[in-house]
Amino acid sequence: MAKEPRTVVVKTLVTKENSKKVFEFFTDLKNWEYGGALKNIQKGKDDWWLCDSPFGKAKMKLKSNEKFGILDHDFIGGGGEWTVFSRVTQNQSGSTVSWLFIRPEMMAQEQFERQLQNFDNEIERLKKAIES
């Protein structure tokens, strides 16, 4: 039996910086600390990165492809496990980063919304770091 589609939230960052620079920024996962939510990001085993998140210990694996601007990543932490679909797209002389969050099946709607409520603040801090 097919499962019903789940809630999706899309977030974006628009910057004056070109897509190559932005892609390079995000493929260095240590730079994700500029967002403020993830701390102590360290390279682990088998392409996983370990970090401290607002929800406790977590790990991430980046699945990137520069040609297509793909920055998809798996995130495990806070009692949840999800894949975030992310793209860097050229936007005139600048670029746009988009994140598509699909609510994990095991996560209640309220928990999903709570986990994403501060992401807009993270985006602003990441934008400042990219443009500095």
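On a predicted model such as this, the values are computed, not experimentally measured, just so you know.

J.: Sorry if this is basic, but what is going on with the packing of aromatic side chains here?
T.: What characterises a pair of aromatic rings is the spacing of the ring centres plus the angle enclosed by the ring planes. Following the criterion strictly, the structure yields seven aromatic pairs and no others. Between W82 and F101, the aromatic rings sit 6.0 Å apart at their centres with planes inclined by 50°, giving tilted as the arrangement. In this pair, W82 is assigned in strand β6 (residues 80-91) and F101 in strand β7 (residues 94-102), connecting sequence segments 19 residues apart. Exposure remark for F101: the relative accessible area of 6% places this residue in the buried category. Among the aromatic residues, those joined into a ring-pair cluster are F25, F26, Y34, W82, W99, F101, F112 and F119. It is K59 that lies over the ring of W48; its NZ or CZ is 4.6 Å from the centre.

J.: Just checking my understanding: could you explain the sheet that holds strand β1 (residues 8-15) for this structure?
T.: Sheet strands line up and pair through hydrogen bonds in the backbone, either parallel or antiparallel. Spatially, the seven strands line up as an open sheet ordered β1-β7-β6-β5-β4-β3-β2, and their pairing is antiparallel. A strand with exactly one partner marks an edge of an open sheet, and here the two such strands are β1 and β2 (39-43). Averaged over all neighbouring strand pairs, the angle between strand axes comes to 20°, with direction disregarded. As paired strands, β2 and strand β3 (residues 48-53) are joined by three bridges and run antiparallel to one another. Residue K39 lies in a different strand from β3, and its bridge partner there is D52. On top of the sheet, helix α1 (residues 19-27) reaches β1, β4 (56-65), β5 (70-77), β6 and β7; it is set at about 40° to β7, its chief contact. Against the sheet, helix α3 (residues 119-131) contacts β1 and β7, and its axis sits at roughly 25° relative to β1.

J.: Looking at this model, I keep getting lost on the side chain of D72. Mind explaining?
T.: Within the secondary structure, D72 is located in strand β5. A distance of 2.9 Å separates a polar atom in the side chain of D72 from the backbone nitrogen of S86. Those residues within four positions of D72 in sequence are excluded, and the remaining contacts are K61, L62, K63, V84, F85, S86 and R87.

J.: What is the right way to look at the confidence of the model for the protein in this model?
T.: Atomic detail in the predicted coordinates should be set aside for any region of low pLDDT. Put simply, the protein has an average pLDDT of 94, and 100% of its residues get 70 or more. Per-element averaging of pLDDT across the protein places helix α2 (residues 109-116) at the bottom with 86 and α1 at the top with 98.

J.: For this particular structure, what's the right way to read the pattern of salt bridges?
T.: Oppositely charged side chains are able to pair whenever their charged atoms sit close together. Summed over all chains, the structure comprises eleven salt bridges. When the shortest N-O distance is used, the salt bridge between R6 and E105 registers 3.7 Å. Placement of the pair is R6 in the segment before β1 and E105 in the loop between β7 and α2, with a sequence separation of 99 residues. For R6, a relative accessible area of 34% puts it in the partly exposed group. The salt bridge partner of D72 is R87, with a shortest N-O separation of 2.4 Å. Here D72 is found in strand β5, whereas its partner R87 is found in strand β6, with 15 residues between them in sequence. Among the ionic contacts, a cluster of salt bridges with common partners joins K3, R6 and E105.

Reading guide: rules and limits
Residues numbered from 1 in each chain as written. Predicted model: local features only at pLDDT ≥ 70, side-chain atom pairs only at ≥ 80, totals over all residues. Heavy atoms only, no water. Phe/Tyr/Trp six-rings, centres within 6.5 Å; stacked < 30°, edge-to-face > 60°. Helix = DSSP H or I, 4+ residues; strand = E, 2+ residues; numbered from the N terminus. Buried < 20%, exposed > 50% of the residue type's maximum accessible area, 1.4 Å probe, protein only. Lys NZ or Arg CZ within 6 Å of the ring centre and 35° of its normal. Pairing = 2+ DSSP bridges. Axes fitted to C-alpha atoms, helices over the stretch in contact; angles between N-to-C directions. Contact = heavy atoms within 4.5 Å. Polar contact = N/O pair within 3.5 Å; in protein donor to acceptor, adjacent residues only side chain to side chain. pLDDT = per-residue confidence, 0-100. Salt bridge = Lys/Arg side-chain N within 4 Å of Asp/Glu carboxyl O.

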